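One letter stands for each residue in the lines below.
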Amino acid sequence: MKEKINPPVYSQIALDIALRISREELKENTKIYGRSVMSSEYGVSPETIRRALKLLEDMGIVEVRKNSGVVILSVEKAKEFALRFSEQNDIRLIERKLRKLLEQQHELSEQIREMVSHLVRTSEKFSKSNPFQNYEIDIPANSQVIGKSLLELKFWQKTSATIIAIRRKDKVILSPGPYAVLTEDDTLIFVGDISTIETVTKYIMQPPLDQE
């Protein structure tokens, strides 16, 4: 549905008169009734009619002759005025829609900024409450940990890392106990600070003592 634009009353009356002239309801080189009659017809003040006629006169559509009335000069210019009036209304409509879109864009930008700010605050809070990150490492074929339990390995004491799960083929062993035995190709999932990556890697990669 097309949005309506309401220009000043006098310009609406000028448009109506121009349309009547363009349809030749009012003929060229004839006089149209006076201001008092037109003010009664349109239900407005004589001053409003005067402004409407002045607009038409400025466009070369009519001529206001003192003490003689209003003479219609040009049907063609009346048509041009009606067309231009319509185009100007379209431009005003576009401008209004653009302003609304810009307002919506500003509101959307504010919402995005608020959401980003909230995300950052939440992330910072999460980081502070959960300083340890999960890491994974695969046990290689020639590792000293194969065939040994976590208790035997004293894994936490040696690495400062805590194993929270073991992925073994298609199976995941959650919270493995101290008697869980590690096998080749197990994937250890552990938590700790960033330094534990190096200590766990060195520990896992060491060959059995009898092969050193």
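Further up the page is the structure itself.
Cut-off values and rules
Residues numbered from 1 in each chain as written. Predicted model: local features only at pLDDT ≥ 70, side-chain atom pairs only at ≥ 80, totals over all residues. Heavy atoms only, no water. Core = buried A, V, L, I, M, F, W, Y, C linked by side-chain atoms within 4.5 Å. Buried < 20%, exposed > 50% of the residue type's maximum accessible area, 1.4 Å probe, protein only. Helix = DSSP H or I, 4+ residues; strand = E, 2+ residues; numbered from the N terminus. Contact = heavy atoms within 4.5 Å. Expected span 1.5 Å × (residues − 1). Arc of directions from axis to C-beta. Axes fitted to C-alpha atoms, helices over the stretch in contact; angles between N-to-C directions. Parallel < 35°, antiparallel > 145°, perpendicular 65-115°, else oblique. Nonpolar A, V, L, I, M, F, W, Y, C, P; charged D, E, K, R; others polar. Patch = residues over 30% accessible without salt bridge, like charges linked within 9 Å, V, L, I, M, F, W, Y side chains within 5 Å. Areas by Shrake-Rupley, 256 points an atom, 1.4 Å probe, with all protein chains shown as cover. Salt bridge = Lys/Arg side-chain N within 4 Å of Asp/Glu carboxyl O. Pairing = 2+ DSSP bridges.

1. So, the nonpolar core
Where a protein is soluble and globular, its nonpolar side chains tend to be buried together. I17, I21, I32, L53, L56, I61 and F81 are the most contacted members of the largest nonpolar core, which totals 23 residues. Mapped onto this core, the elements with two or more residues apiece are α1 (9-22), α3 (46-58), β3 (69-72) and α4 (75-129). Residues in contact with L56, not counting those within four places in the same chain, are A14, I17, A18, I61, V62 and F81. Counting residues in hydrophobic clusters, the runner-up holds 17 residues, among them F155, I163, L182 and I204.

2. Section: α3
Counted at 1.5 Å a residue, the expected span for α3 with its 13 residues is 18 Å, and the 18 Å between its end C-alpha atoms agrees. By the burial criterion, the buried members of α3 are T48, I49, A52, L53 and L56. Mapping the buried residues of α3 onto a view down its axis gives an arc of 135°, with all of them on the same face. Downstream of α3 by a residue or two, G60 has a phi angle that is positive, lying close to 75°.

3. Things to note about the packing of α1 against helix α2 (residues 35-42)
The N-to-C vectors of α1 and α2 enclose an angle of 105°; their axes lie 12 Å apart at closest approach. On the basis of the axis angle, α1 is roughly perpendicular to α2. Contacts between α1 and α2 pair I13, D16, I17 and R20 from the former with M38, E41 and Y42 from the latter. Looking at side-chain class alone, the contact of α1 with α2 contains 4 nonpolar, no polar and 3 charged residues.

4. Digging into a nonpolar patch on the surface
A surface patch of nonpolar side chains, about 270 Å² in accessible area, is lined by L108, I112 and V116. Topologically, V116 is positioned in helix α4. Taking relative accessible area as the criterion, V116 reaches 45% and is therefore assigned partly exposed.

5. Overview of the pairing of strand β5 (residues 162-168)
Where β5 meets strand β7 (residues 187-192), 5 bridges bridge the pair, whose relative direction is antiparallel. Bridge pairing in β7 links A165 to I189. In the sheet, β5 pairs with strand β6 (residues 171-174) via 4 bridges, with the strands oriented antiparallel. Residue pairing across strands places R168 opposite K171, the latter belonging to β6. In this structure, the hairpin formed by β5 and β6 is closed by a connection of 2 residues, where K169 is found at a positive phi of approximately 55°.

6. Notes on the sheet that holds strand β2 (residues 62-65)
Spatially, β1-β3-β2 is the arrangement adopted by the 3 strands of the open sheet, whose pairing is antiparallel. If you trace the sheet from one side to the other, it starts and ends with β1 (31-32) and β2, each paired once. Note that β1 and β3 share 2 bridges and pair antiparallel. In the sheet register, K31 faces β3, and the bridge partner there is V71. α3 rests against β1, β2 and β3 of the sheet, and its axis sits at about 125° to β2.

7. Here we look at the pattern of salt bridges
Per the counting criterion, the structure on display carries 11 salt bridges. The residue E25 makes a salt bridge to R23 at a minimum N-O spacing of 2.9 Å. Look at E25 and you get partly exposed, because its relative accessible area is 47%.

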